[in-house]
Amino acid sequence: MGTTAKEEMARFWEKNTKSNRPLSPHITIYKWSLPMAMSITHRGTGVALSLGVSLFSLAALLLPEQFPHYLAMVKSLSLGPALIYSAKFALAFPFSYHTWNGVRHLAWDMGKGFKIPQVNQSGVLVLILTLLSSAGLAAM
């Protein structure tokens, strides 16, 4: 008769304990690279944008007043132009980054730019375009 899953797991952990092997590679053993950081950031901005749209939609449905009322409330706070620009930049940045990095992924889907120097160059280009377009959107 075969072994049970519990017995198999016990044998597995006993073998790993005796051989002193690590459980799995941990993130601290990897040397960070631009593509790695950009991949994680792309996922993060995707989640942030999804949550932001969902929360904004929920607020639009549940809050008692219309959007102009809340816009007037923000304007009545008399926030300085630097703070307003910074807030607009912070809102534009994830959208810009995710868009430009999405274009980069579309190029990859077409089989372009897979050599390591090209991956790094396209990463730098995405960052430059993100900063410029975020600054432009914030200035509007």
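About the cut-offs
Residues numbered from 1 in each chain as written. Predicted model: local features only at pLDDT ≥ 70, side-chain atom pairs only at ≥ 80, totals over all residues. Heavy atoms only, no water. Helix = DSSP H or I, 4+ residues; strand = E, 2+ residues; numbered from the N terminus. Rg over C-alpha atoms; globule rule 2.2 N^0.38 Å. Buried < 20%, exposed > 50% of the residue type's maximum accessible area, 1.4 Å probe, protein only. Contact = heavy atoms within 4.5 Å. Areas by Shrake-Rupley, 256 points an atom, 1.4 Å probe, with all protein chains shown as cover. Lys, Arg positive; Asp, Glu negative; His and termini not counted. Charge placed at Lys NZ, Arg CZ, Asp CG, Glu CD. UniProt positions renumbered as here; feature names shortened; annotations may be inferred. Polar contact = N/O pair within 3.5 Å; in protein donor to acceptor, adjacent residues only side chain to side chain. Salt bridge = Lys/Arg side-chain N within 4 Å of Asp/Glu carboxyl O. Phe/Tyr/Trp six-rings, centres within 6.5 Å; stacked < 30°, edge-to-face > 60°.

Of the regular secondary structure elements, the protein holds 5 helices and 0 strands. Each helix and strand of the protein, placed in order from N terminus to C terminus, yields the pattern α-α-α-α-α. Relative to the globule expectation of 14 Å for 140 residues, the C-alpha radius of gyration of the protein, 24 Å, shows a markedly less compact shape. The buried share of the protein, taken over its 140 residues, is 14%. For the protein, the proportion of contacts with a sequence separation of at least 24, taken over those separated by at least 6, is 77%. By element, 72% of the accessible surface of the protein is carried by carbon and sulfur atoms, the whole surface being about 11000 Å². Placing the 12 positive and 5 negative side-chain charges of the protein at their respective mean positions leaves the two points 14 Å apart.

Following the UniProt record, one finds the feature "binding site: heme" (unreviewed entry) at His 98. With residues near it in sequence (within four places) discarded, His 98 still touches His 42, Thr 45, Gly 46 and Leu 49. Engagement of the side chain of His 98 in a polar contact is seen with the side chain of Thr 45, the distance being 3.0 Å.

This paragraph deals with the side chain of Arg 104. By secondary structure assignment, the location of Arg 104 is in helix 4 (residues 81–109). For the buried Arg 104, which has no salt bridge, the nearest side chain bearing the opposite charge is Asp 109, at an N-O separation of 11 Å. A distance of 3.2 Å separates polar atoms of two side chains, one belonging to Arg 104 and the other to Asn 101. One polar contact links Arg 104 to Ser 122, side chain to side chain, over a distance of 2.9 Å. The residues touching Arg 104, leaving out its near neighbours within four places in the chain, are Met 38, Val 119, Ser 122, Gly 123 and Val 126.

This paragraph deals with the environment of Gln 121. For Gln 121, the location among the structural elements is in helix 5 (residues 116–139). Sequence separation of Gln 121 and Leu 34 is 87 residues, and the distance between their C-alpha atoms is 9.8 Å.

On the UniProt side, "transmembrane region" (unreviewed entry) is annotated at positions that read residues 44–63, 83–100 and 121–139 here. The annotated region residues 83–100 carries 100% helix and 0% strand content, and the separation between its end C-alpha atoms amounts to 25 Å. Helix makes up 100% of residues 121–139 and strand 0%, whereas the separation of the span's terminal C-alpha atoms amounts to 27 Å.

Before going further, it helps to spend a moment on the packing of aromatic side chains. Tallied over the full model, the rule gives 5 aromatic pairs. Look at Phe 12 and Trp 13: their rings are 5.1 Å apart centre to centre, the planes differ by 75 degrees, and that puts the pair in the edge-to-face class. Taken together, a centroid distance of 6.3 Å and an interplanar angle of 15 degrees make the contact between Phe 93 and Tyr 97 stacked. Taken as a pair, Phe 93 and Tyr 97 lie in helix 4 at a separation of 4 residues, close to a single helical turn. A relative accessible area of 27% places Phe 93 in the partly exposed class. Grouped by ring-pair contacts, the aromatic residues Phe 89, Phe 93 and Tyr 97 constitute a single cluster.

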